[in-house]
Amino acid sequence: MEKWDCIVIGAGAAGMFAAIEAGRRGRRVLVLDHARAPGEKIRISGGGRCNFTNIFCEPERFISANPRFATSALKRFTASDFVARVEAEGIAYHEKTLGQLFCDSSARDIIDMLMRDMSDAGVVLRLGQNVSVPVCTERGFLIRVEGQELECETTVVATGGKSIPKMGATGFGYRVAEAHGLKLEPTRPGLVPLTFSGPTLENMKALAGLSTDAVVSSGGASFREGLLFTHRGLSGPSILQVSSYWREGEEVQVEWLEEAAAFEGLRSLRQANGKLSVARALAEFLPKRLADSLLTQMSVTGRIGDMSDRRLAELASMLAHWWVLPAGSEGYRTAEVTVGGVSTAELDSKTMETRSVPGLYFIGEVVDVTGWLGGYNFQWAWSSGWAAGQVC
Ligand code: FDA
């Protein structure tokens, strides 16, 4: 039987990072993955340029049943720590917006860096492996792989969430947790476009391709970022962000314009030229097609000069509090992340080791910690992987 100090299941961002750290400590580490290539999600991330971290990486920007759980790992291995590695490697990068750091050239640079670091740390990587759920033994764990039995002292589960099954995402990590009697927080797709039906969808379809800035709120969270109309409903950064907080059956609020500013702006236009149509007036503040569509939906027509202060105030209020009920989301097919997962109550926040099964670790997206859009999820993968790698 083959014996290893540590077996990491999953060669994604978190698994490779933990393996590098453990290998550097002199542990004999084997990484197993059923995919044909490591780091496939890194490769496709950030439009091929990998938004590898965010310089404003605060614990408040992560969703979890225990909002404080991520703090320790994020503080011990920070965004600056990862940036230092990227710089030492000579990978050119830039800040796009809101602290989001992207490779100048290609996400491949990050994968190559991790592969080289694994090789330098003596880590062995085996791809295309059919891995069984690890079973506890007296000396650690037994894992069956392609008919062969492997033994290890510690096992790190880094198999990610359920998003994008086409790319090899499975519920494997959750099965491992369940097999060992660990609690799971219910999972749902996050960072995902929202879908609509009926007349609401027809209105959205007519605007497909149009994007504008808006404040979108749901589940107690609000984001001011771009909003994009699609043939299925709404997408864009503000919608993706809020989707991680949204629950089925709940409405989403869109603030197209800030209420007081909309009222004052429209009133000034009325003063300047009362003959202007309300549609032309609103088009001063919103894309014309959107202004037309919103006014049609609100049954507002005519000239701005005919609008009393009270009607202008009503219009401003409707533009600031536009409620829509999503039919659903595009689901795991396109979701960037899975919200929920292995309960943080089962894990030591400093090491990611399970409290009830010594030697068994969970890191990365499989854990009930989900970051905002903008590099936060990779930072969680690096930080949680690093934390486990110090001890596993
Ligand atoms: P990850 O999913 O990366 O890796 C899991 C690994 O486990 C995979 O290699 C998989 O093959 C393997 N595996 C699964 N089941 C297995 C099994 N049964 N047996 C063996 N191996 C198994 N985040 C961010 O911060 N910035 C960004 O720019 C983006 N962009 C982005 C774009 C798209 C399209 C998606 C889908 C996601 C992103 N993300 C992102 C999110 C980010 O990709 C994600 O949070 C991390 O990849 C999670 O890293 P993990 O290592 O935890 O899982």
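Procedures and definitions
- Residues numbered from 1 in each chain as written.
- Predicted model: local features only at pLDDT ≥ 70, side-chain atom pairs only at ≥ 80, totals over all residues.
- Heavy atoms only, no water.
- Pairing = 2+ DSSP bridges.
- Helix = DSSP H or I, 4+ residues; strand = E, 2+ residues; numbered from the N terminus.
- Axes fitted to C-alpha atoms, helices over the stretch in contact; angles between N-to-C directions.
- Contact = heavy atoms within 4.5 Å.
- Near = heavy atom within 4 Å.
- Polar contact = N/O pair within 3.5 Å; in protein donor to acceptor, adjacent residues only side chain to side chain.
- Areas by Shrake-Rupley, 256 points an atom, 1.4 Å probe, with all protein chains shown as cover.
- Nonpolar A, V, L, I, M, F, W, Y, C, P; charged D, E, K, R; others polar.
- Core = buried A, V, L, I, M, F, W, Y, C linked by side-chain atoms within 4.5 Å.
- Buried < 20%, exposed > 50% of the residue type's maximum accessible area, 1.4 Å probe, protein only.
- Arc of directions from axis to C-beta.
- Phe/Tyr/Trp six-rings, centres within 6.5 Å; stacked < 30°, edge-to-face > 60°.

Asker: Looking at this model, I keep getting lost on the sheet that holds strand β3 (residues 51-54). Mind explaining?
Answerer: Neighbouring strands of a sheet are bound in pairs by backbone hydrogen bonds; such pairs are parallel or else antiparallel. One open sheet accounts for 3 strands, arranged β3-β6-β5; its pairing is antiparallel. On the outer flanks of this sheet lie β3 and β5 (93-95), each paired with one strand and no other. Mean inter-strand twist for the sheet, computed between neighbouring axes without regard to direction, equals 25°. In the sheet, β3 pairs with strand β6 (residues 100-103) via 3 bridges, with the strands oriented antiparallel. Note on β6: the bridge partner recorded for T53 is L101. Against the sheet, helix α4 (residues 79-88) touches β3, β5 and β6, its axis set at about 140° to β3.

Asker: Just checking my understanding: could you explain the site of the ligand for this structure?
Answerer: Around the ligand, the surrounding shell holds 28 residues, and the nearest of these are D33, N51, T170, E365 and F378. Within the backbone of A14, one N or O atom sits 2.9 Å away from an oxygen atom of the ligand. At 2.8 Å from an oxygen atom of the ligand is found a main-chain nitrogen or oxygen belonging to F378. Contact with the protein chains hides 92% of the accessible area of the ligand, taken as 1,000 Å² for the molecule alone. Elements that contribute at least two residues to the shell around the ligand include exactly α1 (13-24), α2 (40-44) and α13 (376-389). For the shell around the ligand, the leading source of residues is α13, giving 3 residues. Residue composition of the shell around the ligand, by class: 11 nonpolar, 13 polar and 4 charged.

Asker: Got a minute to help me understand the nonpolar core in this structure?
Answerer: The nonpolar side chains of soluble globular proteins are, as a tendency, buried together. In terms of nonpolar packing, the biggest core is built from 77 residues, with I42, I110, F362, W380 and W382 touching the most fellow members. Those residues in contact with I110 that sit more than four places away from it in its chain are I42, C50, F52, F82, V86, I91, C103 and W382. With 46 residues, the next largest nonpolar core counts W246, L286, A316 and V339 among its residues.

Asker: Where do I start with the environment of F362 in this structure?
Answerer: Take F362: it is sitting in strand β20 (residues 360-362). Along the primary structure F362 and V157 are separated by 205 residues, whereas in three dimensions their C-alpha atoms are 4.8 Å apart. Residue contacts for F362: discarding those within four places in its chain leaves V157, G173, V176, A177, L182, V342, L347, M352, T354 and V367.

Asker: Would you mind going over α4 with me for this structure?
Answerer: Counting along an α-helix, one turn takes 3.6 residues, and residues three or four places apart therefore face a common direction. Those residues of α4 not exposed but buried are A79, F82, V83, R85 and V86. Down the axis of α4, the buried set is contained in an arc of 155°. They therefore lie on one face. Of the exposed residues in α4, those oriented more than 90 degrees away from the buried face are S80 and A88. Where the residues of α4 are buried, they touch α1, β3, β5, β6, α5 (108-120) and α13.

Asker: I keep staring at the packing of aromatic side chains and nothing clicks. Help me out?
Answerer: Two aromatic rings are characterised by how far apart their centres lie and by the angle between their planes. Within the structure shown, the criterion is met by 15 aromatic pairs. With centroids separated by 5.8 Å and ring planes inclined at 50°, the aromatic side chains of F52 and F82 adopt a geometry described as tilted. With a gap of 30 residues between them, F52 in strand β3 and F82 in helix α4 connect regions that are remote in the sequence. You can call F82 buried: its relative accessible area is 0%. Arranged with centres 5.7 Å apart and planes meeting at 20°, the rings of F378 and W382 form a pair that is stacked. In this pair, F378 and W382 are both assigned in helix α13, 4 residues apart and thus about one turn of the helix distant. A residue is classified by how much of its surface remains accessible, and W382, at 0% relative accessible area, is buried. By way of ring pairs, the aromatic residues F17, F52, F77, F82, Y93, F378, W382 and W386 are connected into one cluster.

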